[in-house]
There are 2 protein chains.
Amino acid sequence: MRTSLCDTLGIDVPIVGFTPSEHVAAAISRAGGLGVLGCVRFNEADELDRVLGWMDENTDGRPYGVDVVMPSKIPTEGSSVDLSGMIPDEHRAFVERTLAQLGVPELPDDTDERAGVLGWLHSVARAHVEVALKHPIKLIANALGSPPTDVIGQAHERGVPVAALAGKAEHARRHVDNGVDIVVAQGYEAGGHTGEIASMVLLPEVVDAVGDRVPVLAAGGIGSGRQAAAALALGAAGVWTGSVWLTTEEYLQTMPESAAMHRALLDATSADTVRTRIYTGKPARLLKTRWTEAWAAPDAPEPLPMPLQNLLVSHAHHRIHAAGDPSVVSMPVGQIVGRLNAVRPVAEVVDEMVRDVAATVERLRGVVS
Amino acid sequence: MRTSLCDTLGIDVPIVGFTPSEHVAAAISRAGGLGVLGCVRFNEADELDRVLGWMDENTDGRPYGVDVVMPSKIPTEGSSVDLSGMIPDEHRAFVERTLAQLGVPELPDDTDERAGVLGWLHSVARAHVEVALKHPIKLIANALGSPPTDVIGQAHERGVPVAALAGKAEHARRHVDNGVDIVVAQGYEAGGHTGEIASMVLLPEVVDAVGDRVPVLAAGGIGSGRQAAAALALGAAGVWTGSVWLTTEEYLQTMPESAAMHRALLDATSADTVRTRIYTGKPARLLKTRWTEAWAAPDAPEPLPMPLQNLLVSHAHHRIHAAGDPSVVSMPVGQIVGRLNAVRPVAEVVDEMVRDVAATVERLRGVVS
């Protein structure tokens, strides 16, 4: 399984794996793909620097990348303290009431609680880029479209290609016009921030729009070799995967306390996700749980815009996480969660995908011969 | 391009084409696929009988099928007159107000107006089956899941296989347990009645659930050879297509007055559809127009259940159709509408799809060799 992307990125197989876990990212790179570490969880640039240092020591010299979250429109800036003042009381009351109804206890008084996710503030995402460029990264991806052109320039000066996610062909065209080197066509079925056009339709449209200028990666619904082969049939130069790594052994190393989340993911079917604005303020696909259902009820308020919504629910996420109830998890994941039924090592997932792509192509030869 | 489905149905290429037009259905069959005539528009069984007679004379002895719409739960029965009494005044007032706001004129007084679509009443759909089984049909498909077991038995007595659409793997399992011979896995991106799971995820799930017992067809997002090849990669034994035939030359022969609808389809992008209950009462994907937007506004009432909603909007559909304004069309279509940019003969669409599947598989061989 080899495409031009392998030469572009210096990898063995055109499988790019996005993950918030450095253990998973390093394992993907070691297995011959490109591990891409999600930076949004790092409020402090120093913490990211430390983790990337660990990556440098644990990737056997194989390439890896990072993913930042820069909205194309610059949202409200500020520290978590002054942004908090912009959250309506009605929303706070709804969150408190809902947590009580769902049986999620308060945190102990001595809990050392981090601020909400600030990684989608431009200031914080820019700090991520600065830090990442001090490490031997091979890709900077932006989850929300083109980064500002000066950020693209900064990456290019260091010889680092820039990837951007696109949910429409017109966005892909704009990204490439802005200097983006790789487009990730992210279909409706994907986890996290996602649009409304499904991969089967979106991918060939994006390939036809920009495929002669840059490689296009398929994101959304890719968790097996058959799906990767389908993506290649649709014109992708490789696959961008995310959800499939959430149930790997290595993920548990980063998030050992996530037993409830794992249980919920392993038990879910492909019908158990929902696309909602409650996680960040922009539409994102989450596991459907009693928490997302509460926000879908008639008495629920409209979610706030980014970055306020995540600040609103950040404390709730801590309480939910500590409570450990699989029915009240708050977790971005794609529709392929229905296929995640066992905890496996990263290398096994990669190897199986590569083998199944080969088997699928062999099967297709029989159809046309 | 040949799979086991070709032997099962006696066709040259595993392309099944659903269409309300007998001209399109016959042309698909003549081109080597299986044309499937949608019966829901025939309120009178005699009219269907006449049209199937035309099919018999225009398919050169090639196989064809029919599609009926039988909800798995038997809905409210009755003539259009007594069902009309169940429609709330608020809904009627909203429709009238909206048509006026959209500039859709009244029909002339002497218009000979048909009743709304009654084809999804069990009584009418059963009459369709009775009539169809008098013709040499090779398939009965049900758009809303398993037909009742006695209807399946009736078809099997005549040696006619039964297909059923499924939007979830568990539905597919139930269909096959009920005696269904072919499952159509219909993804979120499809036009008309559709579920929430995208083809990339749904199709391999359905194949894994029932693919060892029956052939599985891929529906939703299939309008090109690359998409058909992707469907085969995902495990489909063939493709079920619909939207792609709406902009064929032959379709214009059945619906010569549909110029506005054609203009709207040719101009639309893949982002210009919406999944809504306003057409039939069940979620169906339609072209996004000023009509669907009006129903999405905060002042719009909730759509009524099937079959009341279509009776409610039936008169509006007549007025909209007569008005001929492309911005106020009411038309089921899938997300591949973005790829429908020219009027072409059916045979050309089939030939190109077959050629592109072969070219795609050849390209994939390069990836794995």
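Looking at an unreviewed UniProt entry, one finds chain A named NAD(P)H-dependent flavin oxidoreductase YrpB (Nitropropane dioxygenase family), with Prauserella shujinwangii as its source organism.

(A) Up close: the pairing of strand E6 (residues 182-186) of chain A. Residues and elements named next belong to chain A. For E6, the tally of buried residues reaches five of five residues, placing the bulk of the element in the interior. With burial as the criterion, each face of E6 is covered, one bearing Ile182, Val184 and Gln186 and the other bearing Val183 and Ala185. Inspection of the sheet shows strand E5 (residues 162-166) paired to E6 by four bridges, in the parallel sense. Bridge pairing links alanine 166 to alanine 185 in E6. Between the parallel elements E5 and E6, the chain passes through helix H8 (residues 169-177) in a crossover that is right-handed. Where E6 meets strand E8 (residues 216-219), four bridges bridge the pair, whose relative direction is parallel. Note that in E8 the partner of alanine 185 across the bridge is alanine 218.

(B) Quick peek at the pattern of salt bridges. Residues and elements named next belong to chain A. According to the stated counting rule, one finds 34 salt bridges over all chains in the structure shown. Between aspartate 325 and arginine 290 there is a salt bridge whose closest N-O contact spans 3.4 Å. Placement of the pair is aspartate 325 in the loop between helix H14 (308-323) and helix H15 (346-368) and arginine 290 in helix H13 (residues 290-296), with a sequence separation of 35 residues. The class for aspartate 325 is partly exposed, based on a relative accessible area of 26%.

(C) Focus on the interface of chain B and chain A. Listed per partner, the contact involves 44 residues of chain B and 44 residues of chain A. The interface formed by chain B and chain A contains four salt bridges. Among the salt bridges present, the one from A:Arg339 reaches B:Asp208, with a minimum N-O distance of 3.2 Å. Summed over the shared surface of chain B and chain A, the result is 20 residue pairs in polar contact (both at pLDDT 80 or more). Where the side of chain B that touches chain A is concerned, the elements lending two or more residues are helix H9 (199-210), helix H10 (225-233) and helix H15 (346-368) of chain B. Here the side of chain B that touches chain A gets 10 residues from one element, more than from any other, and that element is H15(B). Of the residues belonging to the side of chain B that touches chain A, the class tally is 23 nonpolar, 11 polar and 10 charged.

(D) A look at the sheet that holds strand E7 (residues 192-193) of chain A. Residue and element names in this part refer to chain A. If you walk across this open sheet you meet the three strands as E7-E11-E10, and the pairing is antiparallel. Only two strands of the sheet have a single partner each, and these edge strands are E7 and strand E10 (273-276). As paired elements, E7 and strand E11 (residues 284-287) share two bridges and run antiparallel to each other. Looking across to E11, one finds that histidine 193 is bridged to alanine 284.

Criteria and thresholds
Residues numbered from 1 in each chain as written. Chains lettered and ligands numbered in written order. Predicted model: local features only at pLDDT ≥ 70, side-chain atom pairs only at ≥ 80, totals over all residues. Heavy atoms only, no water. Buried < 20%, exposed > 50% of the residue type's maximum accessible area, 1.4 Å probe, protein only. Helix = DSSP H or I, 4+ residues; strand = E, 2+ residues; numbered from the N terminus. Pairing = 2+ DSSP bridges. Right-handed = clockwise from strand over helix to strand, strands pointing away. Salt bridge = Lys/Arg side-chain N within 4 Å of Asp/Glu carboxyl O. Contact = heavy atoms within 4.5 Å. Polar contact = N/O pair within 3.5 Å; in protein donor to acceptor, adjacent residues only side chain to side chain. Nonpolar A, V, L, I, M, F, W, Y, C, P; charged D, E, K, R; others polar.

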